[in-house]
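# A structural walkthrough
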Amino acid sequence: MNTSPHVIRAHALAKTHGRGQGRVHAVDEIDLEVPQGQTLAVTGPSGCGKSTLLHLLGGLERPTGGQVWLDGRRIDTLSERALARMRRRSVGFVFQAFHLVEELSATENVELPALLAGRSRRQARRRAGLLLERVGLAARARHLPSQLSGGQRQRVAVARALVNDPLIVLADEPTGNLDTAATLDVLRIFGELRTAGRTFVIVTHDERVAAMADRLISMRDGMFAGDTRPARTGPEG
Ligand code: ADP
Ligand code: MG
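Now for a quick tour of the structure.

A word on the nonpolar core. Counting residues in hydrophobic clusters, the biggest one holds 34 residues, and the most contacted among them are Val110, Leu132, Val156 and Phe190. Looking at this core, the elements with two or more residues in it are α3 (106-116), α4 (121-134), α5 (150-162), β7 (168-172), α6 (180-195) and β8 (199-203). Residue contacts for Phe190: discarding those within four places in its chain leaves Val158, Ala171, Pro174, Phe200, Ile202 and Met212. Core analysis: the next-biggest nonpolar cluster, separate from the first, contains 31 residues, Leu32, Val34, Ile75 and Ile217 among them.

Here it is in structure tokens:
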């Protein structure tokens with residue numbers, strides 16, 4: 001149950017790399033609140049800290065300063081084990097380069113996080129089947145990643161991100177390696193999820209992806225440089 005008004009909350013979130021002269025403020029004291037069901041797009045030039053921000057929000061990296069809460073629970077102070085469990089249950093990641101396991105079929109890739117989360121083989125397989133159907137790949141379930149197009153691989157990755165029914169989906173340039181047709185496929189799937197109330201943070205350079213967001217943040221040098229709410233947001237606009 002989500003009792004917090006914000007699925008994601010960050011306060012003075014910071015990540016620095018290196019020391020002295022070589023010190024880089026990848027993320028520089030960012031405050032952020034993402035309510036349930038919101039789609040937030042993050043843009044900005046290469047190296048401005050977008051991926052780092054996403055990793056901090058999803059517990060893939062630890063901050064060097066500040067705090068992060070997911071679903072009202074502070075995650076930056078969790079043990080490795082508790083953090084891994086939280087991530088598995090509550091966060092779905094989609095990466096630009098898909099990150100599928102090459103030796104496993106589409107079905108096996110999708111069911112893997114469900115098995116790791118402790119679901120039975122049968123439950124995991126059932127979920128994987130439903131999700132592959134939802135992303136239009138039921139007929140490709142037994143294919144290996146190498147037998148799929150880029151767009152199909154990314155749809156497998158989206159299905160995998162959803163297998164544990166996560167509270168939030170974090171996507172890092174999810175259409176960065178896709179052609180227009182495949183981009184539109186992924187956008188359609190994201191659009192459906194968005195309608196279903198899923199909370200999204202999407203790092204993107206693609207205006208078509210940014211256009212589906214409720215809120216658009218642009219980053220520069222680890223900080224927010226712009227923050228707009230496209231007209232579709234509704235009353236608070
Ligand atoms: P973006 O995703 O916007 O391209 P990143 O979040 O990947 O940016 O990187 C932000 C900054 O942090 C960059 O200057 C990058 O070089 C630096 N950085 C990221 N990861 C590391 C690391 N592991 N060690 C040192 N510097 C890093
Ligand atoms: Mg990046």
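Once that is clear, we can look at unusual backbone geometry. The backbone of Asp71 sits at a positive phi, close to 55°, despite the residue not being glycine. With respect to the secondary-structure elements, Asp71 resides in the loop between β4 (65-70) and β5 (73-74). The class of Asp71 is partly exposed, set by a relative accessible area of 24%. For Asp221, which is not a glycine, the phi torsion comes out positive at approximately 50°. In this fold, Asp221 is placed in the loop between β9 (215-220) and β10 (223-228).

Okay, the pairing of strand β3 (residues 39-43) next. Among the 5 residues in β3, 5 count as buried, and that is most of the element. Here β3 shows two buried faces, one formed by Thr39, Ala41 and Thr43 and the other by Leu40 and Val42. Sheet analysis places β3 next to β8, joined by 4 bridges and oriented parallel. The residue of β8 that forms the bridge with Val42 is Val203. Two strands pair when backbone bridges link them, and β3 and β9 are joined in this way by 4 bridges, in the parallel orientation. Of the residues in β9, the one forming a bridge with Val42 is Ile217.

Rules of the game
- Residues numbered from 1 in each chain as written.
- Chains lettered and ligands numbered in written order.
- Predicted model: local features only at pLDDT ≥ 70, side-chain atom pairs only at ≥ 80, totals over all residues.
- Heavy atoms only, no water.
- Core = buried A, V, L, I, M, F, W, Y, C linked by side-chain atoms within 4.5 Å.
- Buried < 20%, exposed > 50% of the residue type's maximum accessible area, 1.4 Å probe, protein only.
- Helix = DSSP H or I, 4+ residues; strand = E, 2+ residues; numbered from the N terminus.
- Contact = heavy atoms within 4.5 Å.
- Pairing = 2+ DSSP bridges.

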